[in-house]
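Residues per chain are reported as follows:
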Amino acid sequence: MVVGAAARDLVGDDPRGWRLGGGVSYSALTTARLGLPTGAIVGVDDAASTASELDLLRQAGVEVHLVRLDHGPVFENIERPEGRLQLCGGASDPLPADVVPEAWRDAPGWILAPVAGELPARWAEVPRSDAFVAVGWQGLLRELVAGEAVRLVAPRPDPIIRRADLVGLSRDDVDRGMGLADLYALLRRDASLAVTRGDRGGLVAHGAHGDRDAALELRHYPAVPSHDTVDPTGAGDVFLAALAAARIEPRLVGGRLSQGLDLLLAAAAASLVLEGPGLVGVPTRDAVRIRMGEAVQRRTAARHA
């Protein structure tokens, strides 16, 4: 199950003036194209409710449950050499936690993918106690005022983050002065924190169950290069969704999580989404396998050079 509000990202190359995006859209399409049965609870405003991109999800096999919102999130992303400037065109109404179809409540895996702080704390109680829960932290760290630049807010205790088994975050989403240990302290001790750094790769931190004083276990991973970058939107969402998919269904990587194939799968998927505009870039399972093979060959050649 993937949950969140669909964002409308303002662009100049679409006759509507926008493309549908948001973590829920990218995440649901990713898990479905990787072969996982996927349901998506998607908050939509009036314009987004008839977006053609929703048919991409349905065609991939996603069961889409739309929840109408009076106001959905609207963003304008401006790419600059010094980093992305994100403008808020409109904030989102909350997505209530009582909208989950009864038949979906026992799902073994969840991705809570807020984009505009639209998921109230009660969402932490929705997945069953033994379900795997991944959360995109970025969408809980934004202050949105229509017509102004999006402002980041400092991470703080949050029931949704505390419930998560896996939390995804870009290093650009938090102040550089906040250390990894401080970030991880807001998670449950046996959860994983994936921190991405774009083309510099990233790391995953994991703590020992019940031992707050033990050192964090760190796994670093290199980025997988894209062949050509068309649109950087959604890369973090696709990375987290693919990583969650491998944790929920380890057979995606032959059960070889300890060898880092979950991170290779996620990095390969993220590299591919950059090569197409919006949701069109979300890769198929076969494309991800090919990109993983390219990455392995490149690393093998580098070791023998």
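Refer to the structure presented above.
Residues numbered from 1 in each chain as written. Predicted model: local features only at pLDDT ≥ 70, side-chain atom pairs only at ≥ 80, totals over all residues. Heavy atoms only, no water.

A.B. asks: How do you make sense of helix α1 (residues 23-33) when you look at a structure like this?
C.D. replies: Each full turn of the α-helix corresponds to 3.6 residues, which orients residues three or four apart in the same direction. Of all 11 residues in α1, 10 are buried, a share of seventy percent or more. Restricting attention to buried positions, one finds in α1 the residues Gly23, Val24, Ser25, Tyr26, Ser27, Ala28, Leu29, Thr30, Thr31 and Ala32. (Buried < 20%, exposed > 50% of the residue type's maximum accessible area, 1.4 Å probe, protein only. Helix = DSSP H or I, 4+ residues; strand = E, 2+ residues; numbered from the N terminus.)

A.B. asks: Would you mind showing me how to read the packing of helix α5 (residues 235-248) against helix α6 (residues 261-273) here?
C.D. replies: Two quantities define a packed helix pair, namely the angle between the axes and the distance from one axis to the other. Interaxial distance between α5 and α6 falls to 8 Å at its minimum, and their mutual angle equals 150°. It follows that α5 is roughly antiparallel to α6 by the angle criterion. For the element pair α5 and α6, the recorded crossing hand is right-handed. In this structure, α5 uses Ala235, Val238, Phe239, Ala242, Leu243, Ala246 and Arg247 to contact α6, whose residues at the interface are Asp262, Leu263, Leu265, Ala266, Ala267, Ala269, Ala270 and Val273. In the contact of α5 with α6, the residues fall into 13 nonpolar, no polar and two charged. (Axes fitted to C-alpha atoms, helices over the stretch in contact; angles between N-to-C directions. Parallel < 35°, antiparallel > 145°, perpendicular 65-115°, else oblique. Left-handed = near helix turned anticlockwise from the far one by under 90°. Contact = heavy atoms within 4.5 Å. Nonpolar A, V, L, I, M, F, W, Y, C, P; charged D, E, K, R; others polar.)

A.B. asks: What is the right way to read the sheet that holds strand β13 (residues 192-196) from this model?
C.D. replies: Adjacent strands of a sheet form backbone hydrogen bonds with each other and so pair up, either parallel or antiparallel. With respect to topology, nine strands assemble into an open sheet ordered β5-β4-β1-β8-β9-β12-β13-β14-β15, the strand pairing being mixed. Looking at strand neighbours, the two that pair on one side only are β5 (63-68) and β15 (217-221), the edges of this open sheet. Neighbouring strand axes in the sheet, compared pairwise and without regard to direction, differ in orientation by 15° on average. Looking at chain direction, strand β12 (residues 166-170) and β13 are connected through five bridges and run parallel. Within the sheet, the bridge partner assigned to Val167 lies in β13 and is Leu193. Of the strands in this sheet, β8 (109-112), β9 (132-136), β12, β13, β14 (202-206) and β15 touch α5, which is tilted by about 170° from β9. (Pairing = 2+ DSSP bridges.)

A.B. asks: Even after reading the chapter, I still don't get the environment of Arg151, so can you show me in this structure?
C.D. replies: Along the chain, Arg151 turns up in strand β11 (residues 151-152). For the pair Arg151 and Leu87, spaced 64 residues apart in sequence, the C-alpha separation works out to 9.1 Å. Sequence-distant contacts of Arg151, defined by excluding residues within four places in its chain, comprise Leu141, Arg142, Glu143 and Val145. Only 2.9 Å separates the side chain of Arg151 from the side chain of Glu148, close enough to count as a polar contact. (Polar contact = N/O pair within 3.5 Å; in protein donor to acceptor, adjacent residues only side chain to side chain.)

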